[in-house]
Amino acid sequence: MSQTEQTPLSSSHFIRQIVEEDLETKVLGERLITRFPPEPNGYLHIGHAKSICLNFGLAKEYGGVCHLRFDDTNPIKEEAEYVESILEDVRWLGWDWGEHLYYASDYFDTLFAYAEKLIQDGKAYVCDLRPEEIREYRGTLTQPGKDSPFKNRSREENLALFGEMRAGKIEEGARVLRARIDMASPNLNLRDPIMYRILKKPHHRTGDKWCIYPMYDFAHGQSDSIEGITHSICTLEFEDHRPLYDWYLENLGIHHPKQIEFARLNLTYTVMSKRKLLELVEKELVSGWDDPRMPTLSGLRRRGYTPEAIREFCDRIGVAKRNNMIEVSLLEHCLREDLNKRAPRVMAVLRPLRVVLINYPEDTEEALDGINNPEDPSAGTRKVPFSRVLYIERDDFLEEAPRKFFRLAPGREVRLRYGYYITCVEVVKDEESGEVLELRCTYDPATRGGNSPDGRKVKGTIHWVSAKHALEAEARLYDRLFISEFPEKSAEDSSFIDNLNPQSVETVSCFVEPSLAEAEAGSIFQFERLGYFCVDSVDSGKEKLVFNRAVPLRDSWKKIEKQGGGGKK
RNA sequence: UGCCCGAUGGUGUAAUGGUAGCACGGCGGAUUCUGGUUCCGUCUGUCAAGGUUCGAGUCCUUGUCGGGCAGCCA
């Protein structure tokens, strides 16, 4: 057993190395404590999954713990609805925070006391500059800022003023509490950053208790500190904030976790920013945060992605500091890899073409044995009803078929999966339009089950459903939401919205085998030769089955077809 | 023309001064009652120039390119 574990699948990335070293030298204690700190202002997406798996994964791996903490310091943007969805998504992904569920808002009292301490130490002051003035005084990227005229107020005055801010005596925007650092710092975050601002808004957890709220920088590090976090792992854009993170903790003289930054996930053909995802939702360009085309965890779940596939994906993409752009094909690969092992196979016809077996008795039907999962013998077999009239996929018939087309064509023989060999003898067409309406075929009774006693081979096997027994269902064929590989890189005067794929979903009415009648919401099947389909958790029901295509099977025929049509006829 | 970070095949990611490897992807083939799966083969890489060293993807210098930062957002 231990021999199989000698080669860990996940590679050793730089954060793991730092953690390992720190655990060895015990500079931050003996136990690893990480945290995932979402702001409850939107739904979690696949990019968050990277962070979640990193933080929870590391904790699990090294016998530590990972906290789930909501970074809820801005009541204007945050809502309880988001808290609920985030809890659900993290749990669904397979992680357990145990009793370690926290809210930055739980620390508001402590944070307030911390602020008073800095004032007392002459390291913070109340500033009366207006927002525009603060911006002016801050300077620019290349020019230093200048001191606020209020920078040298006495401690007593600052304390009193800060108390008034808290008591609601000051109007919004009139005053802020600032750290007294250095207006000339080349790092703008150190130019006397704002610690507290006045926001006369009720908070989703603290209600009306507060009308001043700490800024991210004044809340995050201290929250980490209070919880005894050892390694505070965040994304690259906070790199410039680290000196401030360190400054607060040092000047407060409290436990000092180590902040480490890594590059966030980017995926081709999708957008990842919460702002853009919100825009898609609000403009009703998608059906909601859980639209199966969204890269949100709720969308992916509804689409048919499994937690296992997502975790595997997060493991494979690695962790580094350089900006990256992961190809969606890797995500799709991880899904197929997982589902191939587990998804029951079933037959469904998306674009039906009627086939009549002219030498098959009218009143007969039989039950054929279908293998539920060739990758998993324990999944067993099922009975699939067969009769004289069937539906096959329109794509599986071509009137003028090239040599490499192994499916049905006039005069050609194919195997019906688990059924008989059939030969197409007649094509019935609409006289006016020329559209193929029906195929008339003969079947070979000796080939029942899919093998011929004379050993003759057929190149192709196609799927089918019995017309009499089939269930009608809806299938939603999803494709990528954007046509462009890099939707955010749109022309100057256009938005990422212009890169939406107009064919990102096609809804078809299809026929599925009767065994699917009792399929539960959220369960996933492989429609043989087509792809993986998930019973929609919102719209599917007893009256009407609705399936979402999570991902199609790889299709090498399509490739041949594109390259040159599979040769001469 | 400030500060910080980064640069390895098409895309990711390893190699921690000592044979540039793995995965996805592409291409070709074998097997197959899913044109799926599986298996085999194959393709392409250390940003540039100097320096240190017996030896540099790795260390140093300079340059180039990419990213982040001027919310009372996180």
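Keep in mind that this is a model prediction, so the values were computed, not measured.

Participant: How would you explain the nonpolar core if you had to name every residue and give the values?
Facilitator: Counting 42 residues, the largest nonpolar core has I46, V90, I310 and F313 as its most contacted members. At the level of secondary structure, the elements contributing two or more residues to this core comprise α2 (46-61), β2 (65-70), α3 (80-92), α10 (297-303), α11 (307-317), α12 (328-342), β24 (531-535) and β25 (545-552). Per-element tally for this core: the top contributor is α2, with six residues. Built from parts of two domains, this core gets at least three residues from each of domain 1 (31-262) and domain 2 (274-344 + 473-551). Leave out the neighbours within four places in its chain, and F313 touches I46, L265, L267, I326, L330, L331 and C334.

Participant: Explain the packing of helix α1 (residues 14-25) against α2 to me, and be specific about the residues and the numbers.
Facilitator: In a pair of packed helices, the angle between the axes and the distance between the axes together describe the arrangement. Two numbers describe how α1 lies on α2: the axes approach to 12 Å, and their chain directions differ by 40°. By the angle class used here, α1 and α2 are oblique. Crossing of α1 over α2 shows right-handed handedness. Contacts from I15, R16 and V19 in α1 reach L54, L58 and E61 in α2. Across the contact of α1 with α2, the residue classes tally to four nonpolar, no polar and two charged.

Participant: Account for the layout of surface pockets, with residues named and values stated.
Facilitator: Take a probe with the size of a water molecule and roll it over the atoms, and the empty space left behind shows itself. Taken as a whole, the second largest pocket spans an internal volume of roughly 1200 Å³. Lining the second largest pocket are 37 residues, and of these E39, E237, F238, R264 and K274 sit closest to its centre. Contributions of two or more residues to the lining of the second largest pocket are made by β1 (33-36), α2, α7 (216-226), β8 (231-235) and α9 (274-282). Of the residues forming the lining of the second largest pocket, the biggest block, four residues, is contributed by α2. Broken down by class, the residue content of the lining of the second largest pocket amounts to 13 nonpolar, 12 polar and 12 charged.

Participant: How would you sum up the state of the cysteines? Please name residues and give values.
Facilitator: Considering all chains together, one arrives at zero disulfides under this definition. Not part of a disulfide, C441 finds its nearest cysteine sulfur in C424, a span of 4.6 Å. Taking relative accessible area as the criterion, C441 reaches 0% and is therefore assigned buried. Its sulfur unpaired, C510 is 14 Å from the next cysteine sulfur, which belongs to C534.

Participant: Can you explain the pairing of β25? Please cite residues and give values.
Facilitator: Across the eight residues that make up β25, a large majority, seven, are buried. By the bridge criterion, four bridges tie strand β21 (residues 471-478) to β25 in an arrangement that is parallel. Residue pairing for β25: R476 is matched across the bridge by N548.

Participant: Give me the protein's contact with RNA strand B: which residues, what numbers.
Facilitator: Around RNA strand B there are 71 residues in total, and Q17, R345, R407, R415 and G449 lie nearest to it. In RNA strand B, the atoms that sit within 4 Å of the protein are 60% sugar and phosphate, with bases accounting for the remainder. Taking R345, its side chain carries an N or O atom lying 2.3 Å from a base oxygen of RNA strand B. One of the side-chain N or O atoms of R554 is found 3.5 Å from a phosphate oxygen in RNA strand B. Contributions of two or more residues to the surface near RNA strand B are made by α5 (131-138), β6 (194-198), α11, α12 and α13 (556-564). If one sorts the elements of the surface near RNA strand B by residue count, α13 sits on top with five residues.

Participant: Let's hear about the packing of aromatic side chains: which residues, and what values?
Facilitator: For the structure shown, the criterion picks out 25 aromatic pairs. With a centroid separation of 6.3 Å and an interplanar angle of 85°, the aromatic rings of Y82 and W289 are classed as edge-to-face. Taken together, the residues Y82 in helix α3 and W289 in the loop between α9 and α10 connect sequence positions 207 residues apart. Note on Y82: relative accessible area 8%, which makes it buried. Grouping aromatic residues by their ring pairs yields a cluster made of F108, F112, F162, Y196, W210, Y213, F218, W247 and Y248.

Participant: Lay out the sheet that holds strand β18 (residues 436-443) with the relevant residues and their values.
Facilitator: Judged by pairing direction, the sheet is mixed, and its seven strands sit side by side in the order β19-β16-β17-β18-β12-β15-β20 without closing on themselves. The open sheet terminates on both sides in strands that have one partner only, identified here as β19 (461-462) and β20 (464-466). Relative to β18, strand β17 (residues 421-429) runs antiparallel, the two being bridged by seven bridges. Residue pairing for β18: T423 is matched across the bridge by T442.

Participant: I'd like a rundown of the pairing of strand β22 (residues 505-512), residues and numbers included.
Facilitator: In regular strands, side chains alternate between the two faces of the sheet. Pairing analysis gives two bridges linking strand β11 (residues 348-349) to β22, with the strands arranged antiparallel. Bridge assignment links A348 to a residue of β22, and that residue is V512. In this sheet, β22 lies alongside β21 in antiparallel orientation, the contact comprising eight bridges. Across the sheet, residue L471 finds its bridge partner in β22, namely V512.

Participant: Account for the side chain of R197, naming residues and giving values.
Facilitator: By secondary structure assignment, the location of R197 is in strand β6. Buried and unpaired, R197 has E78 as its nearest opposite-charge partner, separated by 7.0 Å. In terms of polar contacts, R197 uses its side chain to reach the backbone carbonyl oxygen of P214, at 2.7 Å. Once residues lying within four places of it in the same chain are set aside, the contact partners of R197 are T73, N74, V176, C211, I212, Y213, P214 and M215.

Rules of the game
- Residues numbered from 1 in each chain as written.
- Chains lettered and ligands numbered in written order.
- Predicted model: local features only at pLDDT ≥ 70, side-chain atom pairs only at ≥ 80, totals over all residues.
- Heavy atoms only, no water.
- Core = buried A, V, L, I, M, F, W, Y, C linked by side-chain atoms within 4.5 Å.
- Buried < 20%, exposed > 50% of the residue type's maximum accessible area, 1.4 Å probe, protein only.
- Helix = DSSP H or I, 4+ residues; strand = E, 2+ residues; numbered from the N terminus.
- Domains from an automatic or database assignment.
- Contact = heavy atoms within 4.5 Å.
- Axes fitted to C-alpha atoms, helices over the stretch in contact; angles between N-to-C directions.
- Parallel < 35°, antiparallel > 145°, perpendicular 65-115°, else oblique.
- Left-handed = near helix turned anticlockwise from the far one by under 90°.
- Nonpolar A, V, L, I, M, F, W, Y, C, P; charged D, E, K, R; others polar.
- 1 Å grid on protein atoms, 1.4 Å probe; cavity = no way out; pocket = protein on both sides within 12 Å on 5 of 7 lines; lining within 4 Å.
- Points joined across faces, edges and corners; volume = space filled by probe spheres on them.
- Disulfide = S-S within 2.5 Å.
- Pairing = 2+ DSSP bridges.
- Near = heavy atom within 4 Å.
- Polar contact = N/O pair within 3.5 Å; in protein donor to acceptor, adjacent residues only side chain to side chain.
- Phe/Tyr/Trp six-rings, centres within 6.5 Å; stacked < 30°, edge-to-face > 60°.
- Lys, Arg positive; Asp, Glu negative; His and termini not counted.
- Salt bridge = Lys/Arg side-chain N within 4 Å of Asp/Glu carboxyl O.

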